[in-house]
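Coordinates in review
Here are the chains, one letter per residue:
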Amino acid sequence: MKKKIPYTTKKKIYGFLFITPWLLGFLLFFIVPFIQSCLYAFQDLQTTDKGMVGTWVGTYNFSYALFRDTDFIVQCVNSLKDLITVPLILVYSLCFALLLKKEYPGRTTMRAIAFLPVIIGSGVLMDIMKQDVFSSGVKGADTVYLFSGGGLTGLFSSMGLPMNVIEFVNNIISKIFDLTWRSGVQILLFLAGLHNIPEYVYEAAQLEGANALEQFFKITLPMLTPMILLNVVYSVIDIFSDFGNQIIQMIYNTAFSNVRFGYASALSILYFILIAVVLVVVYLLMRRFIVRPED
Amino acid sequence: MGTKMMYRIKNGKWFWTLMKYAILILLAYQLLYPVLYMISASIKAPTDSYDPSVIWIPKHLSATGFQDAFKTMKYMDALGQSLQIGLGCAILDVISCALAGYGFARYKFPMKNIFFACVILTLIVPTQTIILPYYSNMKYFNPFGIMSLISKIMGRDLAINLVGNKLSFFIPSALGAGIRSGLYIYIFKQFFEGMSSALEESAYVDGSGPLRTFFHIMLPNAKNAMVTVFLFSFVWHFNDYYLSKQLLGTRTRTLIVALSSLRVDLAALIGGQTTTDPIRVQTRIQAGCLLAILPMFLLYIVAQRKLADSIEHIGIK
């Protein structure tokens, strides 16, 4: 006789079945490589004809990275400095999203342009762009573009500005490009967040006599805080795992050009710890401000 | 419209409208600038580059940039590879992540929260941290030791090498572990949580099982989430460089990988003849960029309204 399984147990099993494919993939393509990577970090790996052979070296790889490899720490600090763009990205993408919220002629076109970086802004393309479009111009091709460093440098130096000021301005200009082409996903998420705020909240505020500025600071911003957190996390990860990031390149070169797999693993573990620490700090700082609307 | 306009002008709102459009035009300009530059630089004949009167619109057109870039990138082949990976992974991602997202949204089971934390963890750990073992596991593909077990039983060495094979992309995607799959699971979870459970309950009362309910009732109602995830997955797999470079080997190149080595490959093609001329190289590289983004661009023109509308109303919280 078949035993009847109660409905609640059945539901548990079904729930488990639904996530089984993901669980398999998670174990196979995340947990296993992750643990292996951690193990590699404590070894000196050599490729032989029998595959990779490792000898245990304890924490040597870590201490080497932290105390003897001067490059790694310097690059880590540089990556941390890059985080300064995160608040800029947030402000820019929030403003852009606000501009795209209400209906007006041309909104759809503008929205399409705003999302363009999401579609075509791959790391490789950004790299080529930075080399070619925003470099100070190939010799002989120094035509005056409004945005190109080359044209502006000429303009400024003819105005008699000192060189370091020109350099500073040029840096900012190249950062504008970085900033706007990194903000596609963030604009998108903010826009989705803005559409989630129910219209009646604004209507009520209007009836109470709140002006636009008050509405923004007392309704829009608090209601968006979960999205702001999401965007901060996304931006941090995006900056840290970017194609052009120096540490990423360093890990890549250590592994595939210098064939020091053990050391490369140690570097990547340390790098991950750095990212995790940054994210935890961000979360702890922002936690108090997060508003979770109850409805 | 007319009265509204009058009202606006009377209240001095025209100024803000004007400001708004000015800002919008500025934003549009700086976002479109690289693309415009690409177009302008790639169709320009070399003589125009030295002509100071030519700023945006070239006087002499030249298609040699495109021809060379097309040839060097082995464009049709690379495009085919990119499309196969993009489409295949996108379809697999939609299915696997929808299943997982639904499981997380609607069912209660032990350790659910821990599992979901793991989904988020996969998003936070950069691929670079696990790329080495990931690569070697693809090279000697042996899921849970099954392959070595079969080898022992058969008494033969049955090593499977997935490097250079597109399966090294498809298998992770089918199991919800592709590029940024965690994000797609999150999107689906949010979406299904926002859907009313009345439909499912009535389906259950009518005797429909969970899988049937999922495929016949939930999925058809989750079009917004599906479109979003499909397009994201397609775009990110299409634009991927790091994994494609590692896992596809030297023989199969996607468009982005081909673009990344274009500068080096061009020097080999032109054979030292004109490599001293940076303008010619630049023309070809810009043409290559344009060719590389062209498929995405076309897709975007067709799908952007759908994509944007889907995302705006997906209800991520």
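In this text, all values refer to a predicted model and were calculated from it rather than measured experimentally.

Parameters and conventions
Residues numbered from 1 in each chain as written. Chains lettered and ligands numbered in written order. Predicted model: local features only at pLDDT ≥ 70, side-chain atom pairs only at ≥ 80, totals over all residues. Helix = DSSP H or I, 4+ residues; strand = E, 2+ residues; numbered from the N terminus. Buried ≥ 20, exposed ≤ 12 C-beta atoms within 10 Å, placed from the backbone. Contact = placed C-beta atoms within 7 Å. pLDDT = per-residue confidence, 0-100. Axes fitted to C-alpha atoms, helices over the stretch in contact; angles between N-to-C directions. Parallel < 35°, antiparallel > 145°, perpendicular 65-115°, else oblique. Left-handed = near helix turned anticlockwise from the far one by under 90°. Domains from an automatic or database assignment. Nonpolar A, V, L, I, M, F, W, Y, C, P; charged D, E, K, R; others polar.

The secondary structure content of chain B amounts to 17 helices and 0 strands. A buried classification covers 40% of the 317 residues belonging to chain B. Within chain B, residue pairs in contact and separated by at least 24 positions form 75% of the contacts whose partners lie at least 6 positions apart.

Right, let's talk about the overall build of chain A for a bit. Of the regular secondary structure elements, chain A holds 13 helices and 2 strands. With 295 residues in all, chain A has 31% of them scored as buried. In chain A, 68% of the contacts between residues at least 6 apart in sequence involve partners at least 24 apart.

Mapped onto the fold, Asp265(B) is located in helix 16 (residues 262–270). The sequence separation of Asp265(B) and Leu290(B) amounts to 25 residues, and the corresponding C-alpha distance is 17 Å.

What follows is about the confidence of the model for chain A. All names here are of chain A. Looking at chain A as a whole, its pLDDT mean stands at 81, while 85% of the residues score no less than 70. Here helix 7 (residues 149–159) stands out as the element of chain A with the lowest mean pLDDT, 61, in contrast to helix 4 (residues 85–101), whose mean of 91 is the highest. Long-range and interchain partners of residues 136–149, a stretch whose pLDDT sits below 50, account for 30 contacts in this model, where long-range means more than four residues apart.

Moving on, we come to the packing of helix 12 (residues 246–256) of chain A against helix 13 (residues 261–287) of chain A. Any two packed helices are characterised by how steeply their axes cross, that is the angle between the axes, and by the distance between the axes. All names here are of chain A. Helix 13 packs onto helix 12 with a crossing angle of 160 degrees between their chain directions and a minimal axis gap of 8 Å. As judged from the angle between their axes, helix 12 and helix 13 are roughly antiparallel. As for the relative orientation of helix 12 and helix 13, their crossing is left-handed in sense. Residues Ile-247, Met-250, Ile-251, Thr-254 and Ala-255 of helix 12 touch helix 13, and the partners they reach there are Phe-261, Tyr-263, Ala-264, Leu-267, Ser-268 and Tyr-271.

Residues and elements named next belong to chain B. Split by domain assignment, chain B resolves into domain 1 (1–62) and domain 2 (69–312). If you average the C-alpha positions of domain 1 and of domain 2, the two centres end up 35 Å apart. Across the boundary between the two partners, domain 1 contributes 7 residues, which contact 8 residues of domain 2. Among the secondary structure elements, those contributing two or more residues to the side of domain 1 that touches domain 2 are helix 2 (13–43) and helix 3 (46–49).

Our next topic: the interface of chain A and chain B. Across the contact, 72 residues belong to chain A and 73 residues belong to chain B. With 21 residues, helix 1 (residues 7–40) of chain A is the largest single contributor of residues to the side of chain A that touches chain B. Across the side of chain A that touches chain B, the residue classes break down as 53 nonpolar, 15 polar and 4 charged.

Further remarks concern the environment of Glu193(B). Residue and element names in this part refer to chain B. Structurally, Glu-193 can be placed in helix 10 (residues 181–194). Residue Glu-193 is classed as partly exposed on the basis of its 15 C-beta neighbours within 10 Å. Considered as a pair, Glu-193 and Tyr-242 are 49 residues apart in the sequence and their alpha carbons are 34 Å apart.

Even without being a glycine, Val259(A) presents a positive backbone phi close to 50 degrees. Positionally, Val259(A) belongs in the loop between helix 12 and helix 13. A positive phi angle, near 55 degrees, is found at Arg180(B), a position not held by glycine. When you line up the elements, Arg180(B) lands in the loop between helix 9 (167–174) and helix 10.

The next point concerns the packing of helix 4 of chain A against helix 11 (residues 212–240) of chain A. Residue and element names in this part refer to chain A. Direction vectors running N to C along helix 4 and helix 11 enclose 130 degrees, while the axes themselves pass 10 Å from each other. Classed by the angle they form, the pair helix 4 and helix 11 counts as oblique. Note on packing geometry: the crossing formed by helix 4 with helix 11 is right-handed. Touching Thr-85, Val-86, Ile-89, Leu-90 and Ser-93 of helix 4 are Ile-228, Asn-231, Val-232, Ser-235, Val-236 and Ile-239, all from helix 11. Among the residues making up the contact of helix 4 with helix 11, the classes are represented as 7 nonpolar, 4 polar and no charged.

A separate point is the environment of Ile35(A). Residue and element names in this part refer to chain A. When you line up the elements, Ile-35 lands in helix 1. What makes Ile-35 exposed here is the crowd of 12 C-beta atoms within 10 Å. Taking C-alpha positions, Ile-35 is 39 Å from Ile-176, a pair spaced 141 residues apart along the chain.

With 89% of its residues at a pLDDT of at least 70, chain B reaches an overall mean of 83. Within chain B, no element has a lower average pLDDT than helix 1 (residues 2–10) of chain B, which sits at 56, and none a higher one than helix 5 (residues 75–106) of chain B, at 94.

Right, let's get into helix 10 (residues 199–207) of chain A. Counting buried residues along helix 10 of chain A, only 0 of its 9 residues qualify, which leaves the element largely exposed. Gly209(A) sits one or two positions beyond helix 10 of chain A and adopts a positive phi of about 90 degrees.

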